[in-house]
Structures are given as structure tokens and as C-alpha cells.
Amino acid sequence: MKTVTLVFGAVYGMLSVILGAFGAHALKKILAVERLESFETGVRYQMYAAFFLLIIGYVLKFETSSEKWMSILMITGTFLFSVSIYFLSLQDYLGVNLKFLGPITPLGGLFMILSWGMLIFYFLKK
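Residues numbered from 1 in each chain as written. Predicted model: local features only at pLDDT ≥ 70, side-chain atom pairs only at ≥ 80, totals over all residues. Heavy atoms only, no water.

### Considerations on the side chain of Thr-105
Rules: Strands are runs of DSSP state E lasting at least two residues, helices are runs of H or I lasting at least four, and both sets are numbered from the N terminus onward. By definition, residues are in contact when any of their heavy atoms lie within 4.5 Å.
Take Thr-105: it is sitting in helix α4 (residues 104-125). Setting aside chain neighbours within four positions, we find Thr-105 in contact with Leu-80, Phe-81, Ser-84, Ile-85 and Leu-88.

Below, the structure is given as C-alpha cells:
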């Protein structure tokens, strides 16, 4: 689980840089300001998650189920949160109605919050 966490942290970080550059250059010309701001929110939170995963990947030993779930919730939550925002931001450009993804975003955010909460609990226990 340690390796999976570190790999996801690195991949999320790399994709954040790629998508951030894509948003700043290519999407700036085709998206409304509000949509571009939403896209940038997805990128920003994905980078926060990358740092989180890299830190816990080095700090935790992943010997307990709660340590494993901390990673799983952040990996899953970030995917649900950021990817749903990316698609919702691009729906006008793509010409498809993706509003059904709307409830996915807060679910991903909830998973991320739970993961942060578990980290707080972990630090308090130590």
C-alpha cells in the first residue's frame, strides 16, 4: 500500500502540472471564466492530494487498516472530486450534458475530508 500511495501521489502531482498548464494555455481560449476557475479548483485540490499522499506514503507504515483507508479515501476522493470537476467544466465545450456528475464532486470531497480527519486522529494518537 505504501508503494501504491507514493505512485498515486506522484501521478496526481504530475497530472496536476500537466492539466494546470493545459488549462492556463489551451482552455483559457475556449472556456468561460467560471468554467476555467472550476477547472483550476480541480487542479489545485489534486495537487494538495498529491502532497498529502506523498507525505503519508513516507510517514505511515501501513500496518493498520485505518492507515490503508486513509490512503484509499484520498486516492478515491481526489479522483471523484477532480475528475468530476474537469468534466463539468468542459461539458459546454464538449456539447454534452454532464450534470449527473454534480453529486459526485461533494462525495469525492467528503472522502478527502475523511482522509484528512483520519490523519489528524493518527497524529493525536501518536
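### Some thoughts on the nonpolar core
Definition in use: We call a set of buried Ala, Val, Leu, Ile, Met, Phe, Trp, Tyr and Cys residues a nonpolar core when their side-chain atoms join them within 4.5 Å. Only protein chains enter the area calculation, which uses a 1.4 Å probe; residues under 20% of their type maximum are buried, those over 50% are exposed, and those in between are partly exposed.
Counting residues in hydrophobic clusters, the biggest one holds 16 residues, and the most contacted among them are Phe-52, Leu-53, Ile-56, Leu-60, Met-70, Met-74 and Leu-119. Broken down by secondary-structure element, the contributors of at least two residues to this core are α2 (33-59), α3 (65-94) and α4. Among all residues touching Leu-119, those that are not within four sequence positions of it are Phe-52, Ile-56 and Met-70. Within the second largest apolar cluster, seven residues are counted, among which are Leu-27, Leu-36, Val-43 and Leu-90.

### Remarks on the environment of Tyr-48
Examined against the element boundaries, Tyr-48 turns out to sit in helix α2. Tyr-48 sits 47 residues away from Met-1 along the chain, and the two C-alpha atoms are 20 Å apart.

### Considerations on a positive patch on the surface
The condition is simple: Like charges within 9 Å and nonpolar side chains (Val, Leu, Ile, Met, Phe, Trp, Tyr) within 5 Å are joined into patches, using only residues over 30% in relative accessible area that form no salt bridge. Using a 1.4 Å probe, accessible areas were evaluated by the Shrake-Rupley method; residue-level cover was limited to the displayed protein chains. The term salt bridge refers to a pairing of a side-chain nitrogen on Lys or Arg with a carboxyl oxygen on Asp or Glu at a separation within 4 Å. Only four residue types enter the charge count: Lys and Arg as positive, Asp and Glu as negative, with His and the chain ends excluded. Lys charges are placed at NZ, Arg charges at CZ, Asp charges at CG and Glu charges at CD.
Together, Lys-2, Lys-61, Lys-125 and Lys-126 line one region of the surface with positive charge. Tracing the chain through its elements places Lys-126 in the segment after α4. The class of Lys-126 is exposed, set by a relative accessible area of 72%.

As far as function goes, none of this settles anything; it's purely spatial.
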